[in-house]
Amino acid sequence: MKNHLIRIFLLVLSIAYLSALKAQTPSDDLLMQKREFCVALLYDAGSWDQYWEGARLRSNANIGTFSKKAATSMVAYGITNKINLIATLPYIQTEATGGQLKGVGGIQDLNIAIKGEIFNQQVGPGKISFLATGGFGTPVSNYLSDYQPFSLGLGTNEWSLRGILQYRFDNGIYVRGAAAHLWRGQTKVERNFYYNNGAYYSQWMDVPNALNYNCSVGTWLFNSSLKIEANYMGLRSTSGDDIRIYNSPQPTNKVEVDQVGFFAQYYFKNIKSIHGFGAIAYYSKMIHGRNMGQFQNYGFGITYQFKI
Amino acid sequence: MKNKYIFIVLTLGLLFGLSCEKELLTRADYTDYAFAGIDEKGGSWKPILLSGASQIVIPAPKEVTSDEYKAELNNVKLAMSTLSSAQREKIAYWTNNPILRWNEIALELSTKYNLIPEPNADGSYPVPDAANPGKYPLFPYSHPPYTCRALAYLSVAQFDGLISAWNYKFKYNRKAPYEVDNSIVPAYAKTALPAYPADGAVVAAASRDILIAMFPLEKDYLIAKANENMVCLTWAGVNVQSDLDAGAIIGSEVAKVALQRAGSDGMKKAQTPRAVSDSIKAAALNRFGWQWDNQETPTRPVGLTPLFGKVRMWNVPMVEEVRSPVPPKPGSAEFNVAVQELQDITKNLTIEQRKIANWWSDGLNTYTPPGHWNRFAKNFLIKYKFNPLRSARTLAYMNMAIMDAGISCWDTKYYYHYPRPIQAIPGFKTILGTPNFPAYTSGHSTFSAAGAEVLSYIFPEEAQQCQTWAREAAESRIYGGIHYRFDAEAGLAQGKKVAVYAVNRAKKDGAE
């Protein structure tokens, strides 16, 4: 039971910082018990003052420092002990310190995922588990995806399929890896001609599919009240064009990201008055990328778990 | 076990729907069509640059009964008997009115090269160099003035070349291969147009040479395109080799005439050195008490083509004749009304207004507003089944009017040197990037009104639609936060006024 509670925090966490990349799909091993709920509120602040134009890291004084703030609400629910439903909905605000372009704010994409445990068994000094997640995300406001880098998101449906493999030692140390394929649809833009390594006569832009990887190493401390984790996230578009020199990005771009991070999580399990509550905090930084702002993110959130 | 099945079913359910993506066209879906008329008297129309239809001389064709012709005809039949599906696709691509594709190619190249130079590390800005086009920033930077000019020369050369071709077509009356030998089934709709010289070859050669001059780094690509266009005319069974050769002579020669004008029209001096730019700015400050300043970081020291207003016009004798009146003084009541409107609009921008701003934006890395109007024009050419000659005439008059509109707009812009909203209104933010030139008059409005005026003359049934588009293009700049309403209104009036000169000339060219 406690493990599940803990794990739901992890889930919340991964959603929170993946939201900066619009890859909000659960990538951990956590599952709620049947008829259990977890609700969470998360705040994420990401910023960059350099971006990768193709593979070249550069600055642009007409953007200066770009910032993206997100407040995300999340609900997870145990349909059965082995199958969970997870939904997230972020409100996002973007702005830049340089230049005269106006930032935007609004609700981005609703993401719904179903996660199931396929395998969980004691092997040697710990447990090995394998889970799979199917996710679907869709824009819920009429934000414009063709207003990069300010756009709230890619403005298209995204389907994802993810496999998660974890080995957890009985002493609390664990290693986890996840790999996902993200299928992105097309995004409707407000013009019917654009350039993507050649002319396109369409109001639709193809948003490249992507591969998404995560791996983490972590452990619990202080009688399982505090957890710390180091992690890596990778994203690779499987197609797409590069941002042209001094030109704006667009949803067709080939995006690559390598990001490292840490997080800490505390569970108030010994304080009766706030039983069921937890708190998380994290930091991450992109160390390599392509057609992407070099984001540095931090975030925190509160979670509350209960059973009906 | 049951859980696993539920999971699999739900996941598959989520993945369902991936197959509903739209096909993204990389070119317009033009097909060949039967021409509404063949303009038998087209050879007598008045050309723009040539002294007359017979200024360019081609040899008289051999009789269709000659051995030479028979050999050429056999080659056509041989090629047609072994066409691959790739060859058939190319034939279909070019259609029987290659004006459409060459215009499309010009728009694509304009888009490709429409990227503004980035600053150097020391904060200065490099300028493209025509003498060294491959060095960053690549030549050309095909901004709206550059693009409207490229399109004007392209269309004028095509038009004059086709007047010349029509003259010889009806002088020599050589039949098309499928009329000489009725075992030949042409790939395109049959026409009563004589085949010598090949109008398609005129268009291919003229377009190739004009576009090579305008986009020198694309030389190989353009040569390959022209060769493909020409060979398709034989594969389609509409021309023999000597039709092509004669057409290619006209195309090459008319391009030379057009490029001679281009070489001395003043465009080379349009992008001025800093000192000239500063003196133009100082003159405006002295005359009116205001000046536009670039707001980028680092500041671009010279605006876009300050002397484009001095480039030789096609149909307006003196640019001052179409210079717009003095705009409201910043801080005046009229100015404040315009500022208030901008602030209200940006504060409460509707989705519809945002769409209009983006739809007409046609900014960097696009075919620019002149390109947008060329796209409209092509759709009308197809709708009204214009033959190549009449298509070229439409585009020539429209693109001359659009270029003249650009010249008059730029003259007005740098004469008044009027500040943009982001300069005049503290803290003002926009949803469109503000271009690197003064505000008054609006280029979009001027280009669009000129395009609309010529298209309204050629296609009276479409006049209402064209005027609506021009008005919307003008308004779009206000929604985008980069123009005051008076920039847009004055631009519309200016573009219309300029286009009247082109329309008046067209009315007397013999085509009516």
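All of these numbers come straight from a predicted model, not from anything done at the bench. (Residues numbered from 1 in each chain as written. Chains lettered and ligands numbered in written order. Predicted model: local features only at pLDDT ≥ 70, side-chain atom pairs only at ≥ 80, totals over all residues.)

Right, let's get into the overall build of chain A. Within chain A, the secondary structure is distributed over 1 helix and 20 strands. Here chain A has a C-alpha radius of gyration of 19 Å; the compact-globule value for 308 residues is 19 Å, and the two agree. Seen along its three principal axes, the alpha-carbon backbone of chain A occupies a region of about 55 × 35 × 35 Å. Looking at chain A as a whole, 50% of its 308 residues are labelled buried. Relative to all contacts within chain A whose residues are 6 or more apart in sequence, the contacts with residues 24 or more apart total 64%. (Helix = DSSP H or I, 4+ residues; strand = E, 2+ residues; numbered from the N terminus. Rg over C-alpha atoms; globule rule 2.2 N^0.38 Å. Buried ≥ 20, exposed ≤ 12 C-beta atoms within 10 Å, placed from the backbone. Contact = placed C-beta atoms within 7 Å.)

This part is about the interface of chain B and chain A. Tallying the contact residues gives 43 residues for chain B and 37 residues for chain A. Every element with two or more residues in the side of chain B that touches chain A is listed here: helix 1 (2-15), helix 4 (99-112) and helix 12 (351-359) of chain B. Counting residues per element, the side of chain B that touches chain A draws most heavily on helix 1 of chain B, which supplies 8 residues. Here the residues of the side of chain B that touches chain A sort into 19 nonpolar, 13 polar and 11 charged. (Nonpolar A, V, L, I, M, F, W, Y, C, P; charged D, E, K, R; others polar.)

Our next topic: the environment of B:Ala405. Tracing the backbone through its elements, the reader meets B:Ala405 in helix 14 (residues 388-416). C-alpha separation for the pair B:Ala405 and B:Gln494, spaced 89 residues apart in sequence, amounts to 7.3 Å.

It is worth spelling out the domain arrangement of chain B at this point. Residue and element names in this part refer to chain B. Segmentation of chain B into domains returns domain 1 (22-263) and domain 2 (268-506). For domain 1 versus domain 2, the distance between C-alpha centres works out to 30 Å. Tallying the contact residues gives 40 residues for domain 1 and 40 residues for domain 2. Among the elements of the structure, helix 4, helix 5 (144-172) and helix 7 (199-214) are those that each provide at least two residues to the side of domain 1 that touches domain 2. Ranked by residues supplied to the side of domain 1 that touches domain 2, first place goes to helix 5 with 13 residues. (Domains from an automatic or database assignment.)

This next bit is on the nonpolar core. One recurring pattern in soluble globular proteins is that nonpolar side chains are buried together. Core analysis: the biggest nonpolar cluster contains 149 residues, and B:Ala401 and B:Val454 have the highest contact counts within it. Here this core takes 17 residues from helix 14 of chain B, the largest share from any one element. Counting residues domain by domain, this core receives three or more from each of domain 1 (22-263) and domain 2 (268-506) of chain B. Not counting residues within four places of it along the chain, the set of residues in contact with B:Val454 comprises B:Tyr397, B:Met398, B:Ala401, B:Ala499, B:Ala502 and B:Val503. Membership of the second largest hydrophobic core comes to 28 residues, among which are A:Ile92, A:Leu131, A:Leu182 and A:Met286. (Core = buried A, V, L, I, M, F, W, Y, C linked by C-beta atoms within 7 Å.)

Over its 15 residues, helix 2 (residues 67-81) of chain B runs 21 Å from end to end, which matches the ideal 21 Å to within 8%, given 1.5 Å per residue. In this fold, the buried residues of helix 2 of chain B make contact with helix 6 (177-180), helix 8 (219-235) and helix 9 (241-263) of chain B. (Expected span 1.5 Å × (residues − 1).)

What follows concerns the pairing of strand 16 (residues 226-237) of chain A. Residue and element names in this part refer to chain A. The alternating pattern of strand 16 places Lys227, Glu229, Asn231, Met233, Leu235 and Ser237 on a buried face, while none of Leu226, Ile228, Ala230, Tyr232, Gly234 and Arg236, on the opposite face, is buried. Sheet topology note: the strand 15 (residues 210-221)/strand 16 ladder contains 12 bridges and is antiparallel. Looking across to strand 16, one finds that Ala210 is bridged to Ser237. With 11 bridges connecting them, strand 16 and strand 17 (residues 256-267) associate as antiparallel partners. (Pairing = 2+ DSSP bridges.)

Time to look at the packing of helix 14 of chain B against helix 16 (residues 443-458) of chain B. Packed helix pairs are characterised by how far apart their axes lie and by the angle those axes make with each other. Residues and elements named next belong to chain B. Taken N-terminus to C-terminus, the directions of helix 14 and helix 16 make an angle of 155°; their axes are 8 Å apart at the nearest point. For the element pair helix 14 / helix 16, the angle class is roughly antiparallel. Helix 16 is crossed by helix 14, and the crossing has right-handed handedness. Contact with helix 14, carried on its side by Thr394, Tyr397, Met398, Ala401, Ile402, Ala405, Gly406, Ser408 and Cys409, involves Gly443, Thr446, Phe447, Ala450, Gly451, Glu453, Val454, Leu455 and Ile458 of helix 16 and no other residues of that element. By residue class, the composition of the contact of helix 14 with helix 16 is 11 nonpolar, 6 polar and 1 charged. (Axes fitted to C-alpha atoms, helices over the stretch in contact; angles between N-to-C directions. Parallel < 35°, antiparallel > 145°, perpendicular 65-115°, else oblique. Left-handed = near helix turned anticlockwise from the far one by under 90°.)

Now for the packing of helix 5 of chain B against helix 9 of chain B. Residue and element names in this part refer to chain B. The contact between helix 5 and helix 9 brings their axes to 9 Å, and the two run at 140°. Put simply, helix 5 runs oblique to helix 9. Helix-helix and strand crossings are classified by hand; for helix 5 and helix 9 the assignment is right-handed. Here Tyr153, Val156, Ala157, Asp160, Gly161, Ser164 and Ala165 of helix 5 come into contact with helix 9, specifically with Gly247, Ile250, Gly251, Val254, Ala255, Ala258 and Ala262. Class assignment of the residues belonging to the contact of helix 5 with helix 9 gives a composition of 9 nonpolar, 4 polar and 1 charged.

What follows is about the sheet that holds strand 19 (residues 292-293) of chain A. With respect to topology, 3 strands assemble into an open sheet ordered 3-2-19 (chain A), the strand pairing being antiparallel. Pairing within the sheet leaves two strands with one partner each, and these edge strands are strand 3 (56-58) and strand 19 of chain A.

The next point concerns unusual backbone geometry. For residues besides glycine, phi is generally negative; the peptide bonds are generally trans as well. Residue and element names in this part refer to chain B. Cis peptide bonds are those with omega within 30 degrees of zero, and the linkage from Tyr136 to Pro137 qualifies with -10°. Of note, Pro137 is situated in the loop between helix 4 and helix 5. The omega torsion of the bond from Tyr440 to Thr441 falls at 5°, within 30 degrees of zero and hence cis. Mapped onto the fold, Thr441 is located in the loop between helix 15 (421-424) and helix 16. With a phi close to 55°, Thr95 is a non-glycine residue in the positive phi region. Relative to the helices and strands, Thr95 resides in the loop between helix 3 (85-94) and helix 4. You can call Thr95 buried: it has 22 C-beta atoms within 10 Å. You will see that Asp362, though not glycine, has its phi angle at about 45°, which is positive. Mapped onto the secondary structure, Asp362 falls in the loop between helix 12 and helix 13 (368-383).

Take the confidence of the model for chain B next. Note: predicted coordinates in regions of low pLDDT should not be interpreted at a detailed level. Taken residue by residue, chain B gives an average pLDDT of 96. The fraction at 70 or more is 96%. Interface scoring of the predicted complex returns ipTM 0.94; its pTM is 0.94. (pLDDT = per-residue confidence, 0-100.)

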